[in-house]
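# A closer look at the structure
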Amino acid sequence: MNPHLILRVVSKLLIPMIVVYGFYVHFHGDYSAGGGFQAGVILAVAVILYALIFGMEEAKKAVPPAAVKIGTALGVFIYVGVGFVTLFLGGNFLDFDVLHPDLAHKSGQHIGIIWVEIGVLVTVASVMVAVFYAFAGRVPDMSDEEW
Amino acid sequence: MELDLTQFLDYALILMLFAVGIAVVRMRNLFAAVMLTGVYSLLSAAWFVSLDAVDVAFTEAAVGAGISTVLMLAAMLLTAREAEPSGRGRHWAALAVVSVAGAAMLFAVPDMPVYGDANSIPNSYVGHDYLERTPDDIAIPNVVTAVLASYRSFDTMGETSVIFAAAVAVMLLLGMGDKAKPQGKKQAPNPAPASASKPATKTTRKSARKPAKTKAEKKS
């Protein structure tokens, strides 16, 4: 009999909801509190919770460290990439207005904000998971007596 | 003048923050201290909500109470569980520093703007501009996001790069937790969770626990 049965069942129910909530916080950041940074932290929390309950090996299978390493750089790449896209479209660096012709509704601004926030989200989520892997990977998983 | 009842909520939260802060300082058990810092973050998040700074509160709750508590726990597992008692003499020096710093802060209190003053210096000029222009320039309701992602994209880009740089530093110093694999790990990808991985991480455990043990020996 697994001593952490309740923990496992509850966290299996909670983790998908945490991830969905993270995406909600991201894409609703224009209208309510939150944004890429907070969403990234929430997504990282989902991974960390999984690692705490099911062990590091399982977590590393679900979210491989190699992907996390790429993610830390990819987010910055997306952010700066949006800047270069606006540059090539004839605007200033990170001037989102040129991204979409509908200036009346400021659609370019909305697109730009969502994309740079995706960059922030990817970097923050990856960095938090990477730091957790770096720390937690140096100690063995807690034995059952220590719980 | 009518009495604003929410200020008593603020006072209560500040008192609780104060109590938790004292408890963290006096706590010798590191596990309890880490947990109390999480409580401290959660209380400050509640306080930020009471001050209408919901974005800051959100970040404080997610980062302070969530991530950093877990990271502190992970870091604690690498060292001892109990703090070493500090010597008597050190307390006086700390008291002197804290008294001087506290006196300086109290001295500065009269210069602070009145609580909630919309025309205080931090709130005027550019702050008013952002509030007035966001509906026309960006057309989104959340001014914080507008300032963060559009008006000040350059700052946020730098911020993202700083977070990236921090991760690079951590990965260079600590690795990704798979340093011990070349010597110890020979097993093929093994589906058995947690307990099966223990022999593989034995080398890490030994090297990691050594400093903790010497510390414990020194104490006794």
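Predicted, not measured: the structure shown is a model, and the values here were computed from it. (Residues numbered from 1 in each chain as written. Chains lettered and ligands numbered in written order. Predicted model: local features only at pLDDT ≥ 70, side-chain atom pairs only at ≥ 80, totals over all residues.)

Let's shift gears to the overall build of chain A. Of regular secondary structure, chain A possesses five helices and zero strands. Ordered by position from N to C terminus, the α and β elements of chain A give α-α-α-α-α. The C-alpha radius of gyration of chain A comes to 19 Å, more than 25% above the 15 Å expected for a compact globule of 147 residues. Projected onto the principal axes, the alpha-carbon positions of chain A cover approximately 65 × 30 × 20 Å. Taken over 147 residues, chain A has a buried fraction of 48%. The contacts of chain A with a sequence gap of at least 6 include a subset with a gap of at least 24, amounting to 62%. (Helix = DSSP H or I, 4+ residues; strand = E, 2+ residues; numbered from the N terminus. Rg over C-alpha atoms; globule rule 2.2 N^0.38 Å. Buried ≥ 20, exposed ≤ 12 C-beta atoms within 10 Å, placed from the backbone. Contact = placed C-beta atoms within 7 Å.)

Moving on, we come to the confidence of the model for chain B. On average, chain B scores 78 in pLDDT, and the residues at 70 or more come to 77%. The ipTM assigned to the predicted complex is 0.87, against a pTM of 0.78. (pLDDT = per-residue confidence, 0-100.)

Here we take up the interface of chain A and chain B. The interface of chain A with chain B comprises 53 residues on the first partner and 48 residues on the second. Counting only elements with at least two residues in the side of chain A that touches chain B, the list comes to helix H2 (36–54), helix H3 (56–62), helix H4 (65–88) and helix H5 (107–136) of chain A. Examining the composition of the side of chain A that touches chain B, we find that 19 residues originate from one element, H5 of chain A, more than from any other. Here the residues of the side of chain A that touches chain B are counted per class, giving 31 nonpolar, 15 polar and seven charged. (Nonpolar A, V, L, I, M, F, W, Y, C, P; charged D, E, K, R; others polar.)

This part covers helix H2 (residues 30–50) of chain B. All names here are of chain B. For H2, spanning 21 residues, the distance from its first C-alpha to its last is 30 Å, which sits close to the expected 30 Å at 1.5 Å a residue. The complete set of buried residues in H2 reads Val 34, Leu 36, Tyr 40, Ser 41, Leu 43, Ser 44, Ala 45 and Trp 47. Contacts made by the buried residues of H2 are with helix H1 (6–26) and helix H3 (54–76). (Expected span 1.5 Å × (residues − 1).)

Counting residues in each nonpolar core, the largest one holds 61 residues, and the members touching the most others are Val 41, Ala 44, Met 128, Val 129 and Phe 132 of chain A. Where this core is concerned, the elements lending two or more residues are H2, H3, H4 and H5 of chain A together with H3, helix H6 (143–151) and helix H7 (153–174) of chain B. Counting residues per element, this core draws most heavily on H5 of chain A, which supplies 18 residues. Beyond its immediate chain neighbours, meaning those up to four positions away, Ala 44 of chain A contacts Ala 125, Met 128 and Val 129 of chain A together with Ile 67 of chain B. (Core = buried A, V, L, I, M, F, W, Y, C linked by C-beta atoms within 7 Å.)

What follows is about the environment of His 91 of chain B. Tracing the sequence through the fold places His 91 of chain B in helix H4 (residues 88–108). Taking the C-alpha atoms as reference, His 91 of chain B lies 25 Å from Val 39 of chain B; in sequence the two are 52 residues apart.

Here we come to H6 of chain B. Those residues of H6 of chain B not exposed but buried are Val 144, Thr 145, Ala 146, Leu 148, Ala 149 and Ser 150 of chain B. Looking at the buried positions of H6 of chain B, the neighbouring elements they touch are H5 of chain A together with H3, helix H5 (126–137) and H7 of chain B.

With that out of the way, let us pick up the packing of H5 of chain A against H3 of chain B. At a minimum axis distance of 9 Å, the contact between H5 of chain A and H3 of chain B shows a crossing angle of 20 degrees. In terms of axis orientation, H5 of chain A runs roughly parallel to H3 of chain B. Pair H5 of chain A / H3 of chain B crosses with left-handed handedness. Here Met 128, Val 131, Phe 132, Phe 135 and Ala 136 of chain A of H5 of chain A lie close against H3 of chain B, whose contacting residues are Ile 67, Val 70, Leu 71, Ala 74 and Ala 75 of chain B. Within the contact of H5 of chain A with H3 of chain B, the residues separate by chemical class into 10 nonpolar, no polar and no charged. (Axes fitted to C-alpha atoms, helices over the stretch in contact; angles between N-to-C directions. Parallel < 35°, antiparallel > 145°, perpendicular 65-115°, else oblique. Left-handed = near helix turned anticlockwise from the far one by under 90°.)

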